[in-house]
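Summary of the model geometry
Each chain, written out:
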Amino acid sequence: MVHIDGLAFGDAFGAPTEFLSVEEILRRWPGGGPEDLQGNPIRVTDDTQMALAVGEALAEAVGRRDLSPQTLESLLRAAFV
């Protein structure tokens, strides 16, 4: 199981490289990429927020008898909003 803090840290490490080419990442961070978290506070992207919303919807769905794509969709919509 992935812990949300690990997910958020991974997202924060990758955030500065988002949308950059491999060549640009290696130019800015020789050796393979960022090695330290940046910012105070450390910022995460919408990827962490979306993962939290999906987890919230799935947790809400646990044990439901009427679980279907339609009911999961409504739970996902509520969590994302």
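See above for the structure.
This section reports on the structure supplied with the text.

Side note on the nonpolar core
Ala-53, Ala-57, Ala-61, Leu-75 and Ala-79 together form the largest nonpolar core, which totals five residues. Going through the elements one at a time, helix H3 (46-61) and helix H4 (69-80) are the ones with two or more residues in this core. When residues of this core are assigned to their parent elements, the largest contribution, three residues, is made by H3. Discounting chain neighbours no more than four positions away, the residues touching Ala-53 are Ala-79 and Phe-80.

Section: the environment of Val-81
Note on placement: Val-81 falls in the segment after H4. Residue Val-81 is classed as exposed on the basis of its relative accessible area of 90%.

Re the pattern of salt bridges
For the coordinates displayed, the defined rule picks out four salt bridges. The partner of Arg-27 in a salt bridge is Glu-24, and the shortest N-O contact between them spans 2.6 Å. Of the two residues, Arg-27 and Glu-24 are both situated in helix H2 (residues 22-28); the distance of three residues between them amounts to about one turn of the helix. The shortest N-O distance in the salt bridge between Glu-73 and Arg-77 comes to 2.6 Å. One end of the pair, Glu-73, and the other, Arg-77, are both in helix H4, four residues apart, so they sit about a helical turn from each other. Relative accessible area serves as the criterion here: at 38%, Glu-73 is assigned to the partly exposed category. Connected via shared salt-bridge partners are Glu-24, Arg-27 and Arg-28.

Side note on a nonpolar patch on the surface
On the surface, a cluster of nonpolar side chains totalling about 330 Å² of accessible area is made up of Met-50, Val-54, Leu-58 and Phe-80. The biggest single contributor to the nonpolar patch is H3, with three residues. In this structure, Met-50 sits in helix H3. Residue class for Met-50 comes out partly exposed when judged on its relative accessible area of 35%.

What counts, and where the lines are drawn
- Throughout, a residue's number is its position along its own chain's written sequence, starting from 1.
- In keeping with the model being predicted, local features are shown solely for residues with a pLDDT of at least 70 and side-chain atom pairs are shown and tallied solely at 80 or more, while totals for entire chains, interfaces and linings include all residues.
- Excluding hydrogens and water, the side-chain values take into account all heavy atoms of the structure.
- Here the nonpolar core consists of buried residues drawn from Ala, Val, Leu, Ile, Met, Phe, Trp, Tyr and Cys, with membership extended through side-chain atoms lying within 4.5 Å.
- Burial status follows relative accessibility: with a 1.4 Å probe on protein chains alone, a residue under 20% of its type maximum counts as buried, one over 50% as exposed, and anything between as partly exposed.
- Working definition: helices are DSSP H or I runs of at least four residues, strands are E runs of at least two. Numbering for both runs from the N terminus.
- For this analysis, residues touch if any pair of their heavy atoms sits within 4.5 Å.
- Whenever a carboxyl oxygen of Asp or Glu lies within 4 Å of a side-chain nitrogen of Lys or Arg, that contact is scored as a salt bridge.
- Two distance rules govern patches: like charges are joined within 9 Å, and nonpolar side chains (Val, Leu, Ile, Met, Phe, Trp, Tyr) within 5 Å, applied only to residues with over 30% relative accessible area and no salt bridge.
- Only the protein chains shown count as cover for residues, and the accessible areas themselves come from Shrake-Rupley with a 1.4 Å probe.

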